[in-house]
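# Summary of structural features
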Amino acid sequence: MPTAPTPGSGRTRRPRAVLAMAPEVADTVLAPPSLAALAEHCDLVPPPALDDFGTERARAALADAELLVTGWGCPPVDAAVLAAAPRLRAIVHAAGSVRGHVTEACWERGIEVSSAAAANALPVAEYTVAMIVLTGKRVLERAEAFRAERRREDWLRVGPDVGNYGRTVGILSASLIGRRVIELLRPYDMEVLLHDPYVSAEEASALGVRAVGLAELFAHSDTVSVHTPLLPATRGLVTRELLASMRPDATFINTARGAVVDQGALTDLLRQGRVRAVLDVTDPDTLPPGDPLWDCGNVLITPHLAGSQGNEWRRLAELAVSEAARWAAGDGFAHPVRRERLESLA
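Conventions we followed
- Residues numbered from 1 in each chain as written.
- Predicted model: local features only at pLDDT ≥ 70, side-chain atom pairs only at ≥ 80, totals over all residues.
- Heavy atoms only, no water.
- Helix = DSSP H or I, 4+ residues; strand = E, 2+ residues; numbered from the N terminus.
- Buried < 20%, exposed > 50% of the residue type's maximum accessible area, 1.4 Å probe, protein only.
- Contact = heavy atoms within 4.5 Å.
- UniProt positions renumbered as here; feature names shortened; annotations may be inferred.
- Pairing = 2+ DSSP bridges.
- Phe/Tyr/Trp six-rings, centres within 6.5 Å; stacked < 30°, edge-to-face > 60°.
- Salt bridge = Lys/Arg side-chain N within 4 Å of Asp/Glu carboxyl O.
- Axes fitted to C-alpha atoms, helices over the stretch in contact; angles between N-to-C directions.
- Parallel < 35°, antiparallel > 145°, perpendicular 65-115°, else oblique.
- Nonpolar A, V, L, I, M, F, W, Y, C, P; charged D, E, K, R; others polar.
- 1 Å grid on protein atoms, 1.4 Å probe; cavity = no way out; pocket = protein on both sides within 12 Å on 5 of 7 lines; lining within 4 Å.
- Points joined across faces, edges and corners; volume = space filled by probe spheres on them.
- Left-handed = near helix turned anticlockwise from the far one by under 90°.
- Domains from an automatic or database assignment.
- Buried area = accessible area lost by both parts, 1.4 Å probe.
- Polar contact = N/O pair within 3.5 Å; in protein donor to acceptor, adjacent residues only side chain to side chain.
- Patch = residues over 30% accessible without salt bridge, like charges linked within 9 Å, V, L, I, M, F, W, Y side chains within 5 Å.
- Areas by Shrake-Rupley, 256 points an atom, 1.4 Å probe, with all protein chains shown as cover.

### Considerations on the side chain of Ser 175
Here Ser 175 shows up in the loop between β6 (167–172) and α8 (176–185). By relative accessible area, which is 18% here, Ser 175 ends up buried. When residues no more than four places from it in sequence are discounted, the contact partners of Ser 175 are Asp 196 and His 227.

Take a look at the structure:
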């Protein structure tokens, strides 16, 4: 049975690679130039991608597969799948979280895993920073007032709560996305607070932020931005008490997962005018037509668009191809997913 390439081995035989994701995802994320680049480094089974490991075609492809290139819509790679894929040694995920398809059986087998989560983190961080700046200037409500009144406001009478100079931003979780937000905020004249139980005060200082408790983060920030993964320990983490402690007219931004937040409490506070919000995610992700959040004028709800879309798919594809090329050459992954870190990853 062949073994995974060793670092610096200069392996010349191209490993057998199989695409495993929804075919429409493969068509969108892995455009023909990306597939051609992947085929330069791997013996790639031609599309369509596998989205059902139980078919005759899938069993034939898995029999020789050494590398799975996965994406959204990949079925779980469980013990039965691994039994059908005796040569499989690595998984490259051309998306973010691997929780949906990389099972415990993969870790027990010693399968190497890589993810394009770092590539997907950047557009989410860009969206977040844009919303921090826009809401700091009160752009959304002021643009609406301008449209309604058809005249400019007296800019000398704009209150001191408008603007981004000296604003305090609270980051909930130093995840990949949270860290990119921190990085992108460095040129701004803002104080950045961080709450993350896995980050020490010394590490926070190295990131250029101040580590604080969860209650202090909400009570002292003009904007709170949520970047924690949805885990059993984080479901409902943002409680009514935390939201109610926010400064008057503070902004709550969530690009993580809707279930991290007590959405009913957030809705109540929005209806009372106690807080403003930008929600790229809700619980459920598509709100029912009659949900009261739709009627809150002080919330911007976007349809889970912060992550990679449009030409940003190319960034995911390029990272996945790069990882496959590194593994095929025996150089190891630049973006490995470690089993021991799963408890704190999305």
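### What to know about the UniProt feature "domain: D-isomer specific 2-hydroxyacid dehydrogenase NAD-binding" (unreviewed entry) in the protein chain
Look at the UniProt record and you will see "domain: D-isomer specific 2-hydroxyacid dehydrogenase NAD-binding" (unreviewed entry) annotated at residues 141–306. Secondary structure over residues 141–306 splits into 28% helix and 17% strand, and the C-alpha atoms at its two ends are 21 Å apart.

### Remarks on the pairing of strand β1 (residues 16–20)
Regular strands have side chains that alternate between both faces of the sheet. Burial within β1 is extensive, with four of its five residues counted as buried. Inspection of the sheet shows β1 paired to strand β3 (residues 67–70) by four bridges, in the parallel sense. The partner of Leu 19 across the bridge, within β3, is Val 69.

### Digging into the UniProt feature "domain: D-isomer specific 2-hydroxyacid dehydrogenase catalytic" (unreviewed entry) in the protein chain
The feature "domain: D-isomer specific 2-hydroxyacid dehydrogenase catalytic" (unreviewed entry), as given by UniProt, occupies residues 55–331 in the numbering adopted here. With 38% helix and 15% strand, the stretch residues 55–331 has end C-alpha atoms that lie 33 Å from each other.

### Details of the packing of aromatic side chains
Two measures describe an aromatic ring pair: the distance that separates the ring centres and the angle between the ring planes. Under the definition given, this model contains two aromatic pairs. Judged by centre distance (5.6 Å) and plane angle (70°), the rings of Trp 72 and Trp 313 are edge-to-face. Of the two residues, Trp 72 sits in the loop between β3 and α4 (79–84) while Trp 313 sits in helix α13 (residues 313–328), which places them 241 residues apart along the sequence.

### A word on the pattern of salt bridges
Tallied over the full model, the rule gives 13 salt bridges. Linked by salt bridges that have partners in common, Glu 191, Arg 210 and Glu 216 make up one network.

### Side note on the packing of helix α2 (residues 32–39) against α13
Taken N-terminus to C-terminus, the directions of α2 and α13 make an angle of 10°; their axes are 9 Å apart at the nearest point. In terms of axis orientation, α2 runs roughly parallel to α13. Where α2 abuts α13, its residues Ser 34, Ala 37 and Leu 38 lie against Ala 317, Val 321 and Ala 324. Each residue belonging to the contact of α2 with α13 can be placed in one class, and the counts come to five nonpolar, one polar and no charged.

### Thoughts on the sheet that holds β3
Within a sheet, neighbouring strands are paired by backbone hydrogen bonds and run either parallel or antiparallel to one another. The parallel open sheet is built from five strands, whose spatial order is β2-β1-β3-β4-β5. Sheet topology places β2 (43–44) and β5 (112–115) at the edges, where each strand pairs with a single neighbour. Sheet topology note: the strand β4 (residues 90–93)/β5 ladder contains four bridges and is parallel. The residue bridging Ile 91 from the neighbouring strand is Val 113, located in β5.

### So, empty space enclosed by the protein
Under the defined criterion, the tally for this structure stands at one cavity of 30 Å³ or more. By volume, the largest cavity is sized at about 40 Å³. Every residue lining the largest cavity is listed: Asn 254, Gly 258, Val 261, Gln 263, Leu 266, Leu 279, Val 281 and Thr 282. Per-class residue counts for the lining of the largest cavity are four nonpolar, four polar and no charged.

### A few points about the packing of helix α6 (residues 117–136) against α13
The interhelical angle for the contact between α6 and α13, taken along N-to-C directions, is 160°, at an axis separation of 8 Å. By the criterion of interaxial angle, the relationship of α6 to α13 is roughly antiparallel. When the axes of α6 and α13 are compared, the crossing they make is right-handed. Facing α6, whose interface residues are Ala 119, Asn 120, Leu 122 and Pro 123, α13 presents Arg 315, Leu 316 and Leu 319.

### Remarks on the domain arrangement of the protein chain
Much of the literature gives interface size as the accessible area that the parts lose upon coming together. The domains assigned to the protein chain are domain 1 (16–110 + 311–343) and domain 2 (121–301). Each of domain 1 and domain 2 has a C-alpha centre, and the two are 35 Å apart. In this assembly, domain 1 packs against domain 2 so that about 350 Å² is buried in total across both faces, 50% of it on carbon and sulfur atoms. For the pair domain 1 and domain 2, the number of links is zero salt bridges. Our count for the domain 1 to domain 2 interface comes out at zero residue pairs in polar contact (both at pLDDT 80 or more).

### Remarks on a nonpolar patch on the surface
Judged by side-chain polarity, Leu 134, Val 139 and Leu 140 come together as a nonpolar surface patch covering roughly 200 Å² of accessible area. Along the chain, Leu 134 falls in helix α6. For Leu 134, a relative accessible area of 33% puts it in the partly exposed group.

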